[in-house]
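# Remarks on the overall topology
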Amino acid sequence: MPLPLQPERSVVTVCAYCGVGCALEAQTRAGRIVRMLPWKEGKSNHGHSCVKGRFAYNYYNDPDRVRTPLIRDSIDEPWREASWDEAIAFAAAGLRGVQQRHGVRSIGAVSSSRCTNEEIYLTQKLARAVFGNNNIDNCARICHSPTQFGLSATIGAGAASQHFDSILQADVILVVGANPTEGHPVFGSLLKRRVRQGATLLVIDPRRTETVSSPHCQATVHLALRPGTNVLVLNSVAHVIVTEGLYREAFVRERCEWPEFERWQALVSDPRYAPEVAGPEAGLDPEAIRTLARRYAAGPNSAIYYGLGVTEHSQGSTGVMCLGNLALACGMLGREGVGVNPLRGQGNVQGGSCLGSWPHVYSGYRFVSDPEVRASFEAGWGVALDPEPGLRLPNMFDAAVGGDFRGMFIMGEDPVQSDPNQNHVIAAMRNMEFVVLQDLYRNETSKYAHVLLPGSSALEKDGTFTNAERRVSRVRQVVPPLAGLQDWEVVVRLMNAMGYATQYRDAGEVLLELASLTPAYSGLSFELLERVGSAQWPVDAKAPEGTEVLHLERFPRANGLGTFMLTGYVPTTERSSERYPLLLTTGRILTQYNAGTQTRRSANSQWHPEDVLEISAADAIARGIRDGEQVQVSSRFGSTQLKAVYSQRVNPGVVYTTFHHAESRVNALTSDRSDWATNCPEYKVTAVEVLRVAAPAGVSAASTQASEVLA
Amino acid sequence: MSPTVYVPNDSVALALGADALAAALQLHALRRGSPLRLVRNSSRGLYSHEPLLEVDTPAGRVGYARVSAEQVPALFDADFLHGGAHPSCIGLVERLDWLQRQERLTFARAGLTDPLCLDDYARHGGWAGLLRALELGPAATVEEIAQSGLRGRGGAAFPAGIKWRTVAAQTAAPKYVVCNADEGDSGTYADRMAIEGDPYQLIEGMAIAAYAVGASSGYVYLRSEYPHAIATFKQALERARAAGWLGARVAGSSFAFDIELRVGAGAYICGEESSLLESLEGKRGLVRARPPLPAVRGLFGQPTLVHNVISLATVPVIVARGAAFYANYGAGRSRGTLPIQLAGNLRTPGLVEKAFGVSLRELIEDFGGGTASGRPVKAVQIGGPLGAYLSAAELDLPLDYETLAQHQAMVGHGGIVVFDDRADMAALARYAMHFTAIESCGKCTPCRIGAVRGRELIERMQHAPAQAAERAAELEALCDLMEHASLCALGGMTPYPVRSAIRLFPADFGLPRPNPAKESAHVE
Amino acid sequence: MWSELRRLKADTDYGTPPRDGAPVALEIDGVAVTVPAGSSVLLAATEAGSQVPKLCACDTLEPFGSCRVCLVEIEGKRGYPASCTTPVEAGMVVRTATPRLQALRRGVLELYLSDFPADEIAGGWSEFHQTLEQVGVRSHPYGHNGASHAGAPVDQSNPYFLFDPAKCIVCSRCVRACEEIQGTFALALQGRGFDTQVVAGQNQPFFESDCVSCGACVQSCPSQALVEKSLFDGANDHATATAT
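Residues numbered from 1 in each chain as written. Chains lettered and ligands numbered in written order. Predicted model: local features only at pLDDT ≥ 70, side-chain atom pairs only at ≥ 80, totals over all residues.

## Structural notes on the UniProt feature "domain: 4Fe-4S Mo/W bis-MGD-type" (unreviewed entry) in chain A
Residues given the UniProt feature "domain: 4Fe-4S Mo/W bis-MGD-type" (unreviewed entry) here are residues 8-64 of chain A. The span residues 8-64 of chain A is 9% helix and 35% strand, and its two end C-alpha atoms sit 27 Å from each other. (UniProt positions renumbered as here; feature names shortened; annotations may be inferred. Helix = DSSP H or I, 4+ residues; strand = E, 2+ residues; numbered from the N terminus.)

Here's what the structure looks like:
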């Protein structure tokens with residue numbers, strides 16, 4: 001065999017994939033990336049990584065990359081190439097034109113959780129200071145917005161309370177609605193290491209995932225609950241804890257609002273939440289619920305890690321509140337080895353949350369309706385700002401269908417593939433007059449765009465990412481942007497073209513500006529990050545090098561105390577019926593990343609070339625479906641075809657698939673139900689029926705077509 | 001009362017037709033209306049005489065040697081049931097010089113009893129050690145072993161008392177006692193004989209050890225190549241348990257102890273104690289790094305007392321008769337007796353238990369009867385395939401740990417293999433490297449690769465004697481590396497047979513005889 | 001525990017993981033050094049500035065003690081213990097580079113070299129090559145007709161990395177990385193002695209085994225028996241020109 005060639009240059013940067021945010025050394029030779037090597041000093045990964053960050057980086061110079069700006073007057077025309085100047089001017093004129101015809105609030109923007117903090121900040125600034133409205137949202141809408149709502153309500157901050165390494169001090173690890181070994185692999189490995197050292201693992205998840213059972217790492221209790229019964233089960237856990245007196249009274253009295261605790265205690269003590277009642281309703285053994293509750297409460301250090309299996313429900317925010325309530329009741333906050341930790345999925349979705357990419361808050365989660373806060377931004381930006389909260393992304397689509405909302409700037413997102421209720425989204429996109437999309441490739445959404453600006457990957461720009469442990473790290477440019485401009489530079493040009501004069505020497509200057517307006521980021525700068533590598537916010541005068549564990553002495557609520565929210569169980573209206581007797585839940589697989597934009601353009605597709613439907617043998621056989629057969633999956637909202645695979649990981653009554661391939665059209669199935677508080681879509685519960693494509697006589701596939709598809 | 005007839009069921013006897021003999025005896029007894037009581041006993045260890053048929057007579061047990069099933073009718077005709085004359089008769093077995101001159105402490109019961117008969121065991125002094133230990137208490141029992149001078153009989157010769165004290169002092173629970181019955185050295189069989197012939201003795205020894213160090217369970221790791229030992233020991237465990245010598249209340253006391261039998265899978269290296277522990281834990285038999293010592297962190301990470309079969313089988317007699325009794329035997333710092341296993345080219349090989357200090361000449365010529373071939377002794381290998389060779393000139397050396405070490409040799413597990421003048425020492429040196437190559441666990445480089453290279457070097461010496469001197473220098477450097485850089489004694493001791501073969505028999509390698517001054521300077 | 005992980009340095013390999021513990025003072029090659037109890041002599045030597053050659057040791061993995069390259073001399077102790085598996089003791093006096101140790105190290109590396117593709121020595125830059133350089137071994141006395149693993153089929157099943165058993169030095173770092181760091185337990189050693197080989201799953205191609213392609217084994221392999229395909233000439237080509 002020939003000798004391998006030695007890399008010449010090495011740049012330490014952050015992985016462009018998930019919320020673990022592994023530090024990687026990008027090694028190049030003759031200007032091309034030849035290897036991504038995990039960086040030993042990375043505090044989130046300690047020299048480890050997964051198949052995506054380590055190997056699937058060649059998407060960056062895939063032939064499909066958009067290399068020149070593209071414009072067109074109508075979506076039925078083919079694209080034509082344009083220069084940057086031409087395209088920016090066209091985009092600015094197009095967006096302003098919509099506003100002239102339909103009003104200031106008729107356009108909006110969506111920022112990308114795959115872009116840097118600096119870029120997200122600038123995108124929401126674009127909406128607020130340049131568009132003049134608060135129609136700005138981010139993809140956390142569809143994943144962790146309930147975390148924001150639910151944890152802020154209970155403990156005052158919608159972010160992970162601990163750093164990843166804190167799990168090494170945990171005695172009990174409770175994983176709810178998350179599959180870290182596939183969704184956050186490097187953190188999943190750390191979790192498994194801790195379990196091998198003797199910690200107890202408890203899992204609440206409808207599926208027997210790899211997190212539940214893998215070599216030398218077994219969950220002591222696995223509650224394979226029926227999809228949609230999170231709050232019921234968590235209340236049942238709480239019921240055991242309060243009725244058996246397992247809560248930490250001293251902690252609650254000292255650090256929480258006692259009257260609220262008593263109200264919550266009364267609620268969960270209700271007999272309907274007793275394990276003997278709630279268990280069967282959720283498909284669980286009551287004794288297992290009791291065991292889980294006792295173990296969690298006993299600790300001594302119990303840590304909660306949860307994911308979209310909690311948030312993407314009609315009671316998503318309620319589910320998060322349940323977790324906050326449990327941690328407070330049992331005194332599992334304010335030190336190492338405990339906490340409530342949302343596993344943020346995207347590389348920079350935490351940044352999106354922090355930096356005000358929301359219609360109702362500015363950066364630092366402060367309300368746009370608050371005059372003092374608004375005044376500080378007006379002063380910082382030199383322009384008057386709209387005091388009314390803007391539209392959330394699903395509402396933007398609703399308003400587009402309704403006629404009031406007609407233009408968008410979409411940065412690095414593919415709502416047509418990623419958002420639920422696809423037919424509705426497509427209808428919305430068609431109704432818009434002018435859509436500007438900035439992305440690496442053409443995608444499902446670009447079919448409905450009028451301007452396609454070339455995006456830059458994380459390998460092609462400078463900036464910062466904030467990972468799931470609040471850790472801000474430097475994204476360093478490894479190769480120049482393929483089309484010549486970093487994403488943030490494009491936004492700045494667009495701002496200028498739309499009449500807002502501004503400029504920055506480099507991304508570091510953007511960081512300094514956003515730090516000056518965001519208390520938790522106030523101490524951040526490129527210079528600090530060069531010195532210390534990374535820092536967890538809050539980074540401020542009190543903690544100049546960052547804060548590892550939150551809530552040590554007080555909770556960031558007005559009175560410094562944690563509180564208990566009432567979390568009555570309201571079953572989702574998305575129920576299985578005779579026509580749609582199975583419940584579909586969705587998730588991720590290790591080798592593909594979300595919409596597959598990057599990973600489908602890598603060799604990772606060799607592992608997962610298509611999304612398959614996991615179905616229990618019992619359900620399959622009852623329908624005459626053979627292992628590996630094509631099936632028609634239908635819901636009230638739409639239908640699609642997938643390959644069915646027998647699986648022992650799902651209980652009868654539950655089916656499961658991933659959503660990494662556009663062809664699967666999984667979101668044609670997902671419903672319009674969403675979280676009552678945040679509109680986070682209920683991806684995790686959809687009533688479906690699954691039939692063979694060549695259906696037996698008497699049952700025609702056509703009759704199950706969604707005739708109730710909403711236009 | 002029918003006469004009692006003994007036919008051993010030891011593996012060697014079985015291999016020589018003991019079962020057919022026993023069947024024939026019963027058949028002919030029936031036909032002739034000459035009832036007899038047949039006992040399958042353990043072997044006396046005088047293997048040249050197996051199958052050794054014995055008959056109880058008023059004068060004692062009369063023996064008939066090398067008896068086959070075909071000879072049975074003639075034996076009946078000769079009235080062997082009353083000790084009648086027959087060409088195979090060797091008279092009173094107990095009066096045989098070969099047995100009388102031994103000092104059998106560990107093998108006191110060899111040949112006397114039915115191995116699985118609890119009554120036999122008790123009648124011949126069984127359980128006395130355990131009962132005394134329960135009276136003395138754990139600490140005093142440990143001291144008894146320490147004072148006896150017992151050293152590990154597996155080969156390491158480490159003072160047992162120090163190990164027992166170390167394990168006893170550990171506070172972690174539970175603790176284990178592990179018996180190393182993976183007797184892998186070619187030419188050895190004392191462990192096998194002890195388990196097949198006197199299983200309750202091993203059980204008693206392990207129980208005493210467990211009681212003394214505070215262990216609650218024991219494991220016997222027995223090699224798969226000993227199927228009769230496996231079957232016998234399984235039955236012994238069941239019967240001992242049923243009789244209350246194992247279980248929740250050993251001998252009616254509050255001491256709880258039980259033993260599990262585990263069978264190996266054909267790896268010599270699993271006779272090394274740390275690989276053995278890995279194997280017991282269900283893992284690959286790889287050698288562990290030290291520290292920690294198994295006495296501190298051994299099986300499943302717990303304090304573990306690991307001992308060879310003979311060490312544990314000797315414990316009952318030490319505790320029953322007292323440390324001073326045992327220590328009274330022996331020479332220098334090698335106290336007590338050693339069951340020596342004579343094998344190879346000898347007329348009367350077998351199990352010879354003698355106090356340390358017996359000379360090699362006595363063992364080979366008197367007990368062993370000299371070479372079976374009648375040809376002169378060329379080389380003697382002591383301690384297994386990795387033991388050094390001694391030449392005929394060194395036969396007056398006494399057998400004890402220190403003396404042999406001073407002569408770059410070792411006692412090991414007590415196996416002695418004798419070669420006559422037809423032995424090709426180069427082939428034997430090559431075999432030593434080859435043995436290590438095939439049995440290496442593969443963990444450390446000097447053994448994994450070194451043994452293969454060593455074999456190749458010797459082969460090149462054999463095929464191209466003109467360059468033998470260069471190869472010899474390379475081989476010496478390799479031996480030095482293996483001795484000092486290997487992870488365990490498998491690689492570490494391979495140089496012993498190789499270097500001794502070259503030093504004592506250079507001509508076999510095509511090397512010139514070194515001058516006497518150089519020879520003594522060769523000592524490491 | 002977390003504080004130990006945070007002490008890892010990108011440009012230094014301490015040989016064994018850092019530990020937490022009370023300080024222990026000892027002397028390495030005449031240099032006084034203090035390290036936490038539970039640290040290995042190899043880690044202490046690295047702290048003290050002694051460059052002890054090693055192959056199977058790596059500071060993200062528990063010590064294994066198989067290569068026998070990191071041997072040292074410790075006053076008052078017999079033999080030549082492996083510094084990676086020897087914990088520090090107060091007052092230890094250690095020497096890492098005596099002539100005797102150099103000779104033993106050279107002997108070990110000569111053995112490795114005797115089973116390594118001869119045409120992949122010159123110009124190599126792996127950790128193994130650097131160690132050969134460090135100890136000054138360029139050849140071996142065992143001839144070229146001995147048993148070897150040359151010609152063993154290369155496993156190219158994984159799209160991103162390959163496994164060339166001819167270069168495997170059976171240090172077991174890949175197996176340990178898959179266990180300790182990744183936690184998948186996809187790799188194992190199969191066979192015994194010279195025939196020991198690293199296998200994935202039930203001796204399957206990597207792609208068909210439980211391997212999740214995290215690359216931890218590739219990163220840990222000191223001899224580039226496991227190596228990224230992207231490092232070979234001609235890899236990383238896409239149809240269009242790449243950015244300069």
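Right, picking up where we left off after that structure.
## Describing the domain arrangement of chain B
Residue and element names in this part refer to chain B. Partitioning chain B into domains gives domain 1 (4-98), domain 2 (118-328), domain 3 (331-420) and domain 4 (425-521). Put simply, the middle of domain 2 and the middle of domain 4, counted by C-alpha atoms, are 35 Å apart. Residues belonging to the side of domain 2 that touches domain 4 are distributed by class as follows: 4 nonpolar, 2 polar and 1 charged. (Domains from an automatic or database assignment. Nonpolar A, V, L, I, M, F, W, Y, C, P; charged D, E, K, R; others polar.)

## A closer look at unusual backbone geometry
With an omega of 10°, the peptide bond between Gly299 of chain A and Pro300 of chain A qualifies as cis. Relative to the elements of secondary structure, Pro300 of chain A occurs in the loop between α11 (286-298) and β13 (302-306). Note the cis peptide between Pro291 of chain B and Pro292 of chain B, where omega equals 5°. Within the fold, Pro292 of chain B resides in the loop between α12 (273-280) and β9 (304-308). One non-glycine residue, His216 of chain A, lies in the positive phi region at around 60°.

## Looking at the interface of chain C and chain A
One frequent convention defines the size of an interface as the accessible area lost when the parts assemble. Chain C puts 40 residues into the contact, and the matching count from chain A is 44 residues. Elements supplying a minimum of two residues to the side of chain C that touches chain A: α1 (2-5), α5 (173-182), α6 (216-220) and β8 (226-228) of chain C. Residue classes in the side of chain C that touches chain A are distributed as 19 nonpolar, 15 polar and 6 charged. (Contact = placed C-beta atoms within 7 Å.)

## Here we look at the packing of helix α2 (residues 84-102) of chain A against helix α19 (residues 487-497) of chain A
All names here are of chain A. Two elements in contact, α2 and α19, have axes separated by 9 Å at closest approach and are oriented at 55°. Between α2 and α19, the crossing angle belongs to the class labelled oblique. Pair α2 / α19 crosses with right-handed handedness. Where α2 abuts α19, its residues Ile88, Ala89, Ala91 and Ala92 lie against Arg493, Leu494 and Ala497. Looking at the contact of α2 with α19 residue by residue, the class counts come to 6 nonpolar, no polar and 1 charged. (Axes fitted to C-alpha atoms, helices over the stretch in contact; angles between N-to-C directions. Parallel < 35°, antiparallel > 145°, perpendicular 65-115°, else oblique. Left-handed = near helix turned anticlockwise from the far one by under 90°.)

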